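Results of the structural survey
So the chains spell out like this:
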Amino acid sequence: MGFWEVARVGMGYALLLMTLFAVVVVGSLHVSRDSLLPDYPQAIRERYGPQSARGRRTAAAAGLLNLLALIVVPVIGVLDLHDRTVGALGFWPPFALGAVGFLALTLFDLVVLDWWLFCTVQPRFMVLPGTEGMAEYRDFAFHVRALVPRPVPWPLMAIPGYGAAVGAVACIAEALAG
C-alpha cells in the first residue's frame, strides 16, 4: 500500500472524526451553554460560577460520544485500509491513520473551534450568561497554552500515542485473526 493511498484514506477518516467532534461540541453547547465550562479561561469560570447539573450531565454525554467516535472511526478506517491491501496491514498504515486523524482533530479544534469560533466569532451559544464582552474570550494564547502545557505537553504527545494505539490494536487484531 502506497503512502498517498494511506494519506488519502487517513485524511478522509480525519474529516469524519473532525465532523463528529464538531457536532458533539456544538451540540453540547446548544443543550447546555456551560457544558464545556472547565475548558474556559479561569476569569470566565470565576465570573460565571459553578457548572450546572445539566452542564455536567451534558459534558459527560459529550465525552462519551467523543470517546465512541475516537474508537469507532479508526476501527472503520483500519478495516477500510485492510480491504485495500493484500496480506497483513502491519503497524505503520494504522499508525499513520490514527496519528493523522488525531493531528487533524487537534488542529481543527485549535484553529476552527477555539480561535475562529470562540475567540473571533463568539456565537451566543459559546458565550456564558453574565460573561459577555470579557477580554478573555479573545485570548488566543490561552488555547495554545492549553494545547502545550508546561512542563509536559501531553496533548501534543497524545497525537503519536493515539497513532501507536491504533497501530498496536490493528496488529493484535491481525495476529488473532491470522
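Everything below is about the structure shown above.
Residues numbered from 1 in each chain as written. Predicted model: local features only at pLDDT ≥ 70, side-chain atom pairs only at ≥ 80, totals over all residues. Heavy atoms only, no water.

Right, let's get into the environment of alanine 177. Inspection of the secondary structure puts alanine 177 in helix 6 (residues 154-177). Considered as a pair, alanine 177 and valine 26 are 151 residues apart in the sequence and their alpha carbons are 39 Å apart. (Helix = DSSP H or I, 4+ residues; strand = E, 2+ residues; numbered from the N terminus.)

This part covers unusual backbone geometry. Look at the link from arginine 150 to proline 151: it is a cis peptide, with omega at 0 degrees. Relative to the assigned elements, proline 151 resides in the loop between helix 5 (140-147) and helix 6. One non-glycine residue, glutamine 122, adopts positive backbone phi at about 50 degrees. Within the element layout of this structure, glutamine 122 appears in the loop between helix 4 (92-121) and helix 5.

Soluble globular proteins tend to bury their nonpolar side chains together. One finds Tyr40, Ile44, Phe118, Met126 and Tyr137 to be the most contacted residues of the largest nonpolar core, which totals 37 residues. Sorting the residues of this core by element identifies helix 1 (3-31), helix 3 (53-83), helix 4 and helix 6 as the ones contributing at least two each. Of all the elements, helix 1 adds the most residues to this core, at 10 residues. For methionine 126, the contacting residues outside a window of four places in its chain are Leu29, Tyr40, Leu113, Leu117, Phe118 and Tyr137. (Core = buried A, V, L, I, M, F, W, Y, C linked by side-chain atoms within 4.5 Å. Buried < 20%, exposed > 50% of the residue type's maximum accessible area, 1.4 Å probe, protein only. Contact = heavy atoms within 4.5 Å.)

The N-to-C vectors of helix 3 and helix 4 enclose an angle of 140 degrees; their axes lie 10 Å apart at closest approach. With respect to their mutual orientation, helix 3 and helix 4 come out oblique. The way helix 3 lies across helix 4 gives a crossing that is right-handed. In contact with Leu70, Pro74, Gly77, Val78 and Leu81 of helix 3, helix 4 contributes Pro93, Pro94, Leu97, Phe102 and Leu105. In the contact of helix 3 with helix 4, the residues fall into nine nonpolar, one polar and no charged. (Axes fitted to C-alpha atoms, helices over the stretch in contact; angles between N-to-C directions. Parallel < 35°, antiparallel > 145°, perpendicular 65-115°, else oblique. Left-handed = near helix turned anticlockwise from the far one by under 90°. Nonpolar A, V, L, I, M, F, W, Y, C, P; charged D, E, K, R; others polar.)

Attention shifts here to a nonpolar patch on the surface. Nonpolar side chains collect at one region of the surface, where Leu64, Leu65, Leu67, Leu68, Ile71, Val72, Val75, Ile76 and Leu79 lie side by side and expose about 820 Å² of accessible area between them. Tracing the backbone shows leucine 67 in helix 3. (Patch = residues over 30% accessible without salt bridge, like charges linked within 9 Å, V, L, I, M, F, W, Y side chains within 5 Å. Areas by Shrake-Rupley, 256 points an atom, 1.4 Å probe, with all protein chains shown as cover. Salt bridge = Lys/Arg side-chain N within 4 Å of Asp/Glu carboxyl O.)

On to the environment of arginine 47, then. Within the secondary structure, arginine 47 sits in helix 2 (residues 42-48). For the pair arginine 47 and alanine 164, spaced 117 residues apart in sequence, the C-alpha separation works out to 41 Å. When sequence neighbours within four positions are dropped, the list of residues in contact with arginine 47 reads Gly130, Thr131 and Met134.

A separate point is the packing of helix 1 against helix 4. Running from N to C, helix 1 and helix 4 cross one another at 40 degrees; their axes reach a closest spacing of 8 Å. For the element pair helix 1 / helix 4, the angle class is oblique. Our pair here, helix 1 against helix 4, has a crossing hand that is right-handed. Along its contact with helix 1, which presents Val6, Val9, Gly10, Met11, Tyr13, Ala14, Leu17, Met18, Phe21, Ala22 and Val25, the element helix 4 presents Pro93, Ala96, Leu97, Val100, Gly101, Ala104, Leu105, Phe108, Asp109 and Leu113. Of the residues contributing to the contact of helix 1 with helix 4, the split by class is 18 nonpolar, two polar and one charged.

What follows is about the packing of aromatic side chains. Tallied over the full model, the rule gives nine aromatic pairs. On the numbers, 5.3 Å between centres and 80 degrees between planes, the contact of tryptophan 92 with phenylalanine 95 is edge-to-face. Taken as a pair, tryptophan 92 and phenylalanine 95 lie in helix 4 at a separation of three residues, close to a single helical turn. Assessed through its relative accessible area of 59%, tryptophan 92 is described here as exposed. (Phe/Tyr/Trp six-rings, centres within 6.5 Å; stacked < 30°, edge-to-face > 60°.)

Taking 1.5 Å of rise per residue, 24 residues should cover 34 Å, and helix 6 covers 33 Å from first to last C-alpha, within 8% of that figure. Taking the largest bend as the criterion, helix 6 deviates by roughly 30 degrees, centred on proline 160. Looking at the buried residues of helix 6, the elements they touch are helix 3, helix 4 and helix 5. (Expected span 1.5 Å × (residues − 1). Bend = angle between axes of the 7 residues up to and from the residue.)

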